[in-house]
Each structure stands twice: as C-alpha cells, then as structure tokens.
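Spelled out, the chains give:
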Amino acid sequence: MSYKAFLSHSKVSKEDQEFYDLKNKAAEYYRSNGVPQKIENVLNEMFWQKPDDIYGYLANYFSRLSYIPVISKIIGKEVFDRRGLTAVQTQVYCIIRNEEKVVCSAVMSGPSDGLEADGVAESGEAFSNSNQQRLSITTALKWIREHLSPMLQGFNPTDQTNVDKLLSDFFMARYLEHKDSLNIEKEDGLRIESVSEAPPQATPTPAPTKDKKGSDKGKKGNSTEKLLPPAEAPVPHLPGAMAVGVISLAVAKTAARLLGEPLYRHITSVRVPQAQSEMHLPVPMITILSCGKNSAGKLNLLEEVILMPSSSQRVGEVIGMGFELQCEMRRVLNRSAYKAGPIGVTEEGALQVGFERPEQALDLVTEVCANLALPLGSDLHLAINCAADGLMDYSHGKYEVMSGCHKSPDELVDMYGGLINKYPAITSLIDPFRKEDVDQWERLASVIGQSCCLIADAASNLCPRWSEVKPLPPGVTRVIIRHHSDMTISDLIQSIAEQKETMLAAGSGDVSIVDLAVGSGVSFLKLGGLRGGEQMDKYNRLLAIEEELEQEGILGTVLSHNGAREKKQPLSDLSKTLNSGSDCDSVTIST
C-alpha cells in the first residue's frame, strides 16, 4: 500500500495533512522550474572538475541561469564639477538576482557651457545665467524623480536604443509644452501692450542738417562698405534637458558593467550590432599653447595651438612629444627674446602665454620643435583654433584680432593666407570666422586650397533635434562635435555618422568621453593640454584602450591629419621619449 493510500485509510492530523500538501507543492514548484535536474548537472560537473572554490563554482553556474537585470529606479543628485559649477549626477539601480543594487553613475554639467560659448559674458547677464543654471538643475532633478525613473522601471539597461527613444520622446514632449507656453506668454504680452499704448502722433520729418559735401561722403561710404551679416540668435536651452544626456550615459555605463565589457565596446555594439574584426582609434589632438582672449598679451586670435600628430604614432609617443614641447617652451620663454607675459595654465591643461602678434607664438612653436628635432611639417602638423565667433566687435563691425587692432572679414582672409604661407605646418583652421560670414569662408577655402582644411566648431550649426538642419559654411571639410547635455548616446552616434570626418571635443567630464569617441568611430579626439589630473586621466584611458586593442589583435588603421589611412606601428619603448625631459614636471602614464 502506498503512503498516499495509507493516508486515505488512516486517520491523520490536520497539521500532517497540510505539511504533506505543502511538500507536494514544493516538489512540483522545483520540478516545473527544472531545479532538480540543474542541481544534478552542476554536481556532476563539479565532481569531475573539482574546483578549489566549490561555492564560487556553484554561484557562477546559477548566476548564468538568473534573469537579465532590469532597471528598478534612477536617483538624481546635485553635485559640483571640477569648475565648481553645479551638475547632475544620476545613479542607476537594477534588480540583480532578486536584490536591488546601484550599478553605475554619471555626472553631467548644465547649459552654462552653451551660454558662455555664445559669447554672453556681459556682467549684466551673469546673474540671469546663474538663475538659468539653477532652473535647469532643479528641473532635471524633478524630471528624473517624477517622470523618467518610473518610466524606465523594468527596462533592460543593455537595450540602449529603446532607452534613448523613450528619453528623446519625453524630451520632445517637454519641448513642445515649453514652446506652447512661450507662445501664450508672447500673445498675452502683445495683447496687453496693444491695449495700454496710445496711438502715436504724427510728427513732421526734420530736414537734413548735413551739407552737400557731407552727404556725398556718407553716400560714398555706404556704397563701399559691406553690411555685416547679423549674428544668429543663440540656440535656446530647454531647462532640465541635461536629465536626458546624463541618464543615457549612465544607462550605457550600467550596461557595459553588467555585460562585463569596456564602455567603448558597448558603444560600438550600439552603433554596429555585428562583431567587429577591427577597431580604429581616433588621432589625439593636444593643445600645446593658448594665446587667446583670456591671455595676458594683446593677441586674441590664437585661442589654441593644437598638435596634430601622425596617426601611425603611438598614443604614448604623442603624449611624450607634447609633454616635451611644453617643457621646452617654458625654457625658451624664460629668455627675454620673446618678451612674453606671465605663463599660466588654462582649464583645459594648456600653457597660456600672452603675445603681441600671432607670429610670435608660431615662431616659438617652430623654434621649440627645431630644438627637439621634431618633424614639424611632415609627421607633425598644427591646427589653429581661432574661436573667431568670440572676437567680433559689433560696434566696429570687425574682428578684434589683437587688442586695439580690428580687421574686417575680408582683411582676415588675407591675414590667414599670409600665416599659412609663412608657416606651412598649419594644416587646419578651426572657426576662422563666424558662421554668418559665408562669403569669407568660401573665399578663404579658395585661397588656401588643399594645403589647409577648414574645421567648424561653434560654426558647425549643429541644432537640437527639433530644429531644421542648417548647412555648414562653405569650404568646411571637418566638424567638431561635442556631447551636449541634451544628447542621448544614440543622438551622438547619429550626429557623428552624418558627417564625413568628425572630431569629438572632450570638454569637462570624466574619462567616459574617450570611450564614447572610440566606440562612436570619430576620426580625431580633442583632449586639451597635458596638465591636470582630469586631462591626464583621459589621455591614460586612450592609451589603455590602444593597448587592449593591440593585445587582442584588432587595432586597425586610423585617419591621418590629411585623411589618409595609416597602420599603427608596434608598441615601442617610450622611456627615452619620456625621460628626455628629466628636468620637467613628471607625468604619469599607465602602460
């Protein structure tokens, strides 16, 4: 007689019956989920392999059978970046094997960069910019807390495309709401103004007071001078927009950590789902000198003098050359020949020196390269960031290239042509004009020909996703793209893919920008100077990625300064390069 039959013919307590039923339910639950079979399999495998860490082996086995982690919540916090400006930090929490854990975080600054880049630096607007930053931070935290965190709950963090689509759709809805509210306010203002204002009384037109000679002079001047195209209105920043960019980046970092792979590999898989047999490393652009508007001298034009190495050179070799250049420049500047102002360091880690004329800065770089026997003009070239959009003096209608020295856009074309002829190592000009000076962009492109390329940064006309795409200035062959606070990872990848050749500017932020550059496939990476822990962390990250790709045998060709493909050379001994500047400040390079 079976135990079940025995129970049916005998008297058992209610507790025993309940216990028996519970055992049957437990057995059925485990059988339906295949637990006995899986336990038997792992015990058999473990017996033959006899691992030292038995429970670690079991943990690894069953972790592979667990559910895919999903987002449980996103927490936003207000923090400060390296410049002391307020920023938003997001932490991504996931349910991992039935436990809620914080996986990764990201930090992103607000739209103050855009306000400064537009040249809004008047003291009267400083307070309003501060209020705009505060509003953007508080709105972003509110969006994260009340909307985005609940909306993303249950999402797979490795599904970057769908996460970014949700963020973009949410952002577009907020933009349309914001636009409608602004239109209503504008209509109300016009209605109140039309009611309150009285009709203007007609006044007789005064007779002209100038004599005939003066009138003729005025007519002559108007016929010869070209009207300056007015500046375009700055792109408006939607308060709270940084919530979109910082969450997208945090989710990407979370996915990479959960998958156990570097961030650049995850970004590559988002861009190209197929496995890559070869990966390209962007060419690093090192800012070695800054003689712009914030320097002590009269010169305003050379905001950045940037070293453009050959793509066949190793990242460590490029860092060593850049470091040697800066050290040698300090030694040369200590002489009285250049009569330079005090030597400082910019926020981007470059030497900041005051000069009177652009030739002084370029002569310094030429002399230093000759002293170090560096191949300037062959394997090394220069890019000049003119940042001309911030040099326009609208009261004169000219660019203030040096303090007290104004040049019209046409005169600036001749000046650039003369500099390029005198210094053939200059192969790139970044933002030589405002984006509105279309005729001068076109004329300069015809003057310099193929010897120098034009690069658009502030003049790139990259607009928010809701705006109509505007054409680049004529003659532009490369574009500098920045990871703005309202851009998702998918937006960044798409912006890069739409351009033929792109450069990614690192700006402020952590080393994630280097992984984004490698994963998104940019041709060049503008990292700034070689001073400061944050800057060197980025260079070290690029060096580490290069070594990882080479060890795996998938380090491919990259673009050189002139657009040609070149193959990376094998890893060379960097000790001679780095130790040659022994009396300079030390630099740590992870190898």
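Values in this document were obtained by computation on a predicted structure and should not be read as measured data.

### Details of the overall build of the chain
Scanning the chain from terminus to terminus reveals 18 helices and 18 strands. Sequence separation of 24 or more characterises 66% of the internal contacts of the chain that already satisfy a separation of 6 or more. Within the structure as shown, the chain displays about 31100 Å² of accessible surface, and the carbon and sulfur contribution to it stands at 53%.

### Focus on the side chain of R314
Of note, R314 is situated in the loop between β5 (301-309) and α11 (315-333). According to the relative accessible area criterion, R314 is buried, its value standing at 1%. Side chain to side chain, R314 and E550 meet in a polar contact 3.2 Å long.

### What to know about the packing of helix α10 (residues 263-271) against helix α16 (residues 512-520)
Taken N-terminus to C-terminus, the directions of α10 and α16 make an angle of 35°; their axes are 8 Å apart at the nearest point. Note that α10 runs across α16; the crossing there is right-handed. Of the residues in α16, those in contact with L263, Y264, I267, T268 and R271 of α10 are S512, D515, L516, V518, G519 and S520. A per-class count over the contact of α10 with α16 returns five nonpolar, four polar and two charged.

### A few points about the environment of E411
As for its placement among the helices and strands, E411 is situated in helix α13 (residues 409-422). Since its relative accessible area comes to 36%, E411 is described here as partly exposed. On a C-alpha basis, the gap between E411 and K398 in space is 9.4 Å, while along the polypeptide they are 13 residues apart.

### Things to note about the packing of aromatic side chains
To describe a pair of aromatic rings, one takes the distance between the centres and the angle between the planes. Using the criterion set out here, one finds eight aromatic pairs in the structure. Between K50 and the ring centre of F47, over which it is positioned, the NZ or CZ distance is 4.0 Å. Its end group placed over the ring of Y93, K73 keeps NZ or CZ at 4.7 Å from the ring centre.

### Some words on a nonpolar patch on the surface
On the surface, I39, L43, F62 and L65 cluster together into a nonpolar patch covering about 330 Å² of accessible area. Relative to the assigned elements, F62 resides in helix α4 (residues 54-63).

### Focus on the sheet that holds strand β11 (residues 405-407)
Ordered in space as β9-β10-β11, the three strands form an open sheet in which the pairing is antiparallel. Either end of the sheet is taken by a strand with one partner, and the two such strands are β9 (392-393) and β11. Relative to the sheet, α13 contacts β10 (398-402) and β11, its axis offset from that of β11 by approximately 100°.

### Examining the packing of α16 against helix α17 (residues 533-551)
Look at α16 against α17: their axes get within 8 Å of each other, and the N-to-C directions meet at 40°. On the basis of their axis angle, the class for α16 and α17 is oblique. Between α16 and α17 the crossing geometry is right-handed. Taken together, the residues of α17 that come into contact with α16 (itself represented by I513, V514, D515 and V518) are K538, R541, L542 and I545. The residue inventory of the contact of α16 with α17, partitioned by class, reads five nonpolar, no polar and three charged.

### Some words on the side chain of H266
The residue H266 is located in helix α10 in this model. Its relative accessible area of 2% is what places H266 among the buried residues. Excluding anything up to four places from it in sequence, H266 contacts T158, Q160, A252, A255, A256, L259 and E261.

### Some remarks on the sheet that holds strand β1 (residues 70-80)
In spatial order, the strands read β1-β2-β3; together these three strands make up an open sheet with antiparallel pairing. With one partner strand each, in any of the chains shown, β1 and β3 (99-109) form the two edges of the open sheet. Ignoring which end each strand starts from, the neighbouring axes of this sheet average 20° apart. Helix α9 (residues 242-259) contacts β1, β2 (86-96) and β3 of the sheet and is inclined by roughly 135° relative to β3.

### Here's the deal with unusual backbone geometry
With glycine set apart, most residues show a phi of negative sign, and most peptide bonds adopt trans. Although it is not a glycine, R97 adopts a positive phi angle of roughly 50°. Given a relative accessible area of 49%, R97 falls into the partly exposed group. Positive phi, close to 50°, is recorded for A387, a residue that is not glycine. Here A387 shows up in the loop between β8 (380-385) and β9.

### Remarks on the pairing of strand β4 (residues 283-292)
Within β4, ten of the ten residues are buried, leaving the element largely enclosed by the surrounding structure. When β4 meets strand β16 (residues 524-528), the two strands line up parallel, connected through four bridges. For V283, the partnering residue across the bridge sits in β16 and is F524. Of the pairings in the sheet, the one linking β4 to β5 comprises five bridges and is antiparallel in character. Looking across to β5, one finds that T287 is bridged to I306.

### Brief notes about the pairing of β10
Both β9 and β10 contribute to a ladder of two bridges, which runs antiparallel. In the sheet register, M392 faces β10, and the bridge partner there is Y399. Here β9 folds back onto β10, and the loop between the two strands holds four residues, one of which, G397, carries a positive phi near 70°. Relative to β11, β10 runs antiparallel, the two being bridged by three bridges.

Definitions and limits used
Residues numbered from 1 in each chain as written. Predicted model: local features only at pLDDT ≥ 70, side-chain atom pairs only at ≥ 80, totals over all residues. Heavy atoms only, no water. Helix = DSSP H or I, 4+ residues; strand = E, 2+ residues; numbered from the N terminus. Contact = heavy atoms within 4.5 Å. Areas by Shrake-Rupley, 256 points an atom, 1.4 Å probe, with all protein chains shown as cover. Buried < 20%, exposed > 50% of the residue type's maximum accessible area, 1.4 Å probe, protein only. Polar contact = N/O pair within 3.5 Å; in protein donor to acceptor, adjacent residues only side chain to side chain. Axes fitted to C-alpha atoms, helices over the stretch in contact; angles between N-to-C directions. Left-handed = near helix turned anticlockwise from the far one by under 90°. Nonpolar A, V, L, I, M, F, W, Y, C, P; charged D, E, K, R; others polar. Phe/Tyr/Trp six-rings, centres within 6.5 Å; stacked < 30°, edge-to-face > 60°. Lys NZ or Arg CZ within 6 Å of the ring centre and 35° of its normal. Patch = residues over 30% accessible without salt bridge, like charges linked within 9 Å, V, L, I, M, F, W, Y side chains within 5 Å. Salt bridge = Lys/Arg side-chain N within 4 Å of Asp/Glu carboxyl O. Pairing = 2+ DSSP bridges. Parallel < 35°, antiparallel > 145°, perpendicular 65-115°, else oblique.

None of the figures reported here should be taken as evidence of function without further support.
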